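Examining the three-dimensional arrangement
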Amino acid sequence: MSAIRSIELAIDLALRRRDESVQHLAHAQQNQGHAINQLQQLKDYVLETDQRLLRQGSVQVSLEVLRHHYQFMARLQEAIQMQTEVVGGLERRVNFARAELAKAESAVMGLRTVLKKRLDERNQLAQRREQSLMDELAAQQHLRRVPAFASGEH
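Residues numbered from 1 in each chain as written. Predicted model: local features only at pLDDT ≥ 70, side-chain atom pairs only at ≥ 80, totals over all residues. Heavy atoms only, no water.

By the definition in use, this model includes seven salt bridges. Taking the shortest distance from any N to any O, the salt bridge between Arg-18 and Asp-19 comes out at 3.1 Å. Residue classification places Arg-18 among the buried residues on the basis of a relative accessible area of 18%. In this structure, Glu-121 and Arg-118 form a salt bridge, with 3.7 Å as the shortest nitrogen-oxygen distance. Residue Glu-121 and its partner Arg-118 are located together in helix H2 (residues 63–150), separated by three residues, close to a single helical turn. (Salt bridge = Lys/Arg side-chain N within 4 Å of Asp/Glu carboxyl O. Buried < 20%, exposed > 50% of the residue type's maximum accessible area, 1.4 Å probe, protein only. Helix = DSSP H or I, 4+ residues; strand = E, 2+ residues; numbered from the N terminus.)

Another point: the layout of surface pockets. As a volume, the largest pocket reaches approximately 180 Å³. Every residue along the wall of the largest pocket is listed here: Ser-21, His-24, His-27, Ala-28, Asn-31, Arg-93, Phe-96, Ala-97 and Glu-100. Going through the elements one at a time, helix H1 (3–57) and H2 are the ones with two or more residues in the lining of the largest pocket. When its residues are assigned to classes, the lining of the largest pocket shows three nonpolar, four polar and two charged. Taken together, Thr-49, Arg-52, Leu-53, Gln-56, Val-65, His-68, His-69 and Phe-72 make up the full set of residues lining the second largest pocket. Every element with two or more residues in the lining of the second largest pocket is listed here: H1 and H2. Taken together, the residues that form the lining of the second largest pocket break down as three nonpolar, four polar and one charged. (1 Å grid on protein atoms, 1.4 Å probe; cavity = no way out; pocket = protein on both sides within 12 Å on 5 of 7 lines; lining within 4 Å. Points joined across faces, edges and corners; volume = space filled by probe spheres on them. Nonpolar A, V, L, I, M, F, W, Y, C, P; charged D, E, K, R; others polar.)

Below, the structure is given as structure tokens:
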């Protein structure tokens, strides 16, 4: 197997890895988006619940209802904290996936650079060989003409 073919195969493999990295990043971003939406829903629900209690504030609210409300709000705050941690973990996954994609892109670009260099070297070698062959042919033609010229033949 030629060196060029080996590099082409390495590029194909690197492209597949890069495509997988793109998919992993997209999946991580999608999961993060869902988690952020859930966090926002929890926060919105806290606000709605507080507003509902405030609207009822003009009506007499029993201490039992108020105590239940505060306990419920404490649990919602715990849920918000847990979801915030989930979002943070997913953000780390997104950042890791971005870094992996950057490495994969770099690998593809590096291999393409090596391939271009090898192809350029191959072309230069072929040009040198062709030039050498042309020089040799020209030298042979010249040698054939020299004896003919010396003998007076044109």
